[in-house]
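Per-entry structural report
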Amino acid sequence: MLNAIHVAGGDRIGKTIIFTQNKQHAEFILKRFNHLYPHLKGGFAKRITCEDSYAQTIIDDFKIAEKKPFIAVSVDMMDTGIDVPECVNLVLLKKARSKTKFWQMICRGTRLCQGLDCADLIDGSYADKRRFFIFDYLAILSLSGPIRRASRAARPGLSVRPSLPNG
């Protein structure tokens, strides 16, 4: 959470999608989050799976910039077809089965967002979304080629900062 892009004057992590393998993996991640950040337990981070009867409600809430959840722990629900311009952090905890799906996951961060006040360890505080961070815990990006060039072609003016767990 410390190395991520923050919003709200740097007080809160920006909208974040954590891509997980399956329901049990998502639940494990959510339990660890709640253990490490007990003061945020509850609605700050939510699991979203197709088996959850409330999944669409959580997705609708995630799309609203100032509304919880701020972290979506997703099992295949946020990989494609979701447009949340405020999403500034992606956490890769699963391998995509195809290049198309992989790039669609990455593109969740490429939406421009004017007026979003951000703060990160590169530029400090700034207005308008300049970049998004990818936290690549499986080193998927090293297998995927030149992401920086592809992201610039997709959204001029928006940069990507791939990051390994410690960076």
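These lines cover the structure that appears in this document, whether it is placed above or below. Here the structure is a predicted model, which means the values were calculated and not measured.

**Here's the deal with the overall build of the chain**
Along its length, the chain carries four helices and 10 strands. For the chain, the N- to C-terminal ordering of α and β elements is β-β-β-α-β-α-β-β-α-β-β-β-α-β. Of the contacts formed within the chain by residues at least 6 apart in sequence, a portion of 66% connects residues at least 24 apart. Surface summary for the chain: the accessible area is close to 8600 Å², and the carbon and sulfur share equals 52%.

**Points about the nonpolar core**
Ile5, Ile18, Phe33, Phe44, Ile71, Val73 and Leu116 are the most contacted members of the largest nonpolar core, which has 25 residues in total. Looking at this core, the elements that each hand over two or more residues are helix H1 (23-36), strand E5 (71-74), strand E6 (87-92) and strand E9 (131-136). With four residues, the top contributor of residues to this core is H1. Sequence-distant contacts of Leu116, that is, excluding residues within four places in its chain, are made with Val7, Glu86, Val88, Tyr126, Ala127, Asp128 and Lys129. Ile59, Phe62, Met78 and Phe102 belong to the second largest nonpolar core, which has 21 residues in total.

**Some details on the packing of aromatic side chains**
By the definition in use, this model includes five aromatic pairs. Residues Phe33 and Tyr37 carry aromatic rings whose centres are separated by 5.2 Å and whose planes lie at 40 degrees to one another, so their mutual orientation is tilted. Residue classification places Phe33 among the buried positions, given a relative accessible area of 11%. Taking 6.1 Å as the distance between ring centres and 10 degrees as the angle between the ring planes, the aromatic pair formed by Phe33 and Phe44 counts as stacked. Here Phe33 is found in helix H1, whereas its partner Phe44 is found in the loop between H1 and strand E4 (45-48), with 11 residues between them in sequence. Each member of the pair, Phe33 as well as Phe44, carries the same accessibility label: buried. Through a chain of ring-to-ring contacts, the aromatic side chains of Phe33, Tyr37, Phe44 and Phe70 assemble into a single cluster. Positioned above the aromatic ring of Phe70, the side-chain terminus of Arg12 is 3.9 Å from the ring centre.

**A few points about the sheet that holds strand E1 (residues 6-7)**
By way of backbone hydrogen bonds, the strands of a sheet pair with one another, either parallel or antiparallel. A sheet is described by the order of its strands in space; here four strands give the open sequence E2-E1-E7-E8, paired in antiparallel fashion. At either end of the open sheet lies a strand with only one pairing partner, and these are strand E2 (12-13) and strand E8 (124-127). Direction of pairing for strand E7 (residues 117-120) relative to E8: antiparallel, over a ladder of four bridges. In the strand pairing of E8, Cys118 is matched with Tyr126.

**Some words on the layout of surface pockets**
Once rolled over the atoms, a probe with the size of a water molecule shows which space is left empty. One number sums up the size of the largest pocket: a volume of about 480 Å³. Forming the walls of the largest pocket are 20 residues, and the residues nearest its centre are Met1, Ile18, Tyr37, Val91 and Tyr137. Counting only elements with at least two residues in the lining of the largest pocket, the list comes to strand E3 (15-19), H1 and E6. Sorting elements by how many residues they give to the lining of the largest pocket places H1 first, with five residues.

Cut-offs applied
Residues numbered from 1 in each chain as written. Predicted model: local features only at pLDDT ≥ 70, side-chain atom pairs only at ≥ 80, totals over all residues. Heavy atoms only, no water. Helix = DSSP H or I, 4+ residues; strand = E, 2+ residues; numbered from the N terminus. Contact = heavy atoms within 4.5 Å. Areas by Shrake-Rupley, 256 points an atom, 1.4 Å probe, with all protein chains shown as cover. Core = buried A, V, L, I, M, F, W, Y, C linked by side-chain atoms within 4.5 Å. Buried < 20%, exposed > 50% of the residue type's maximum accessible area, 1.4 Å probe, protein only. Phe/Tyr/Trp six-rings, centres within 6.5 Å; stacked < 30°, edge-to-face > 60°. Lys NZ or Arg CZ within 6 Å of the ring centre and 35° of its normal. Pairing = 2+ DSSP bridges. 1 Å grid on protein atoms, 1.4 Å probe; cavity = no way out; pocket = protein on both sides within 12 Å on 5 of 7 lines; lining within 4 Å. Points joined across faces, edges and corners; volume = space filled by probe spheres on them.

Such coordinate-based values are descriptive only and should not be taken to indicate function.
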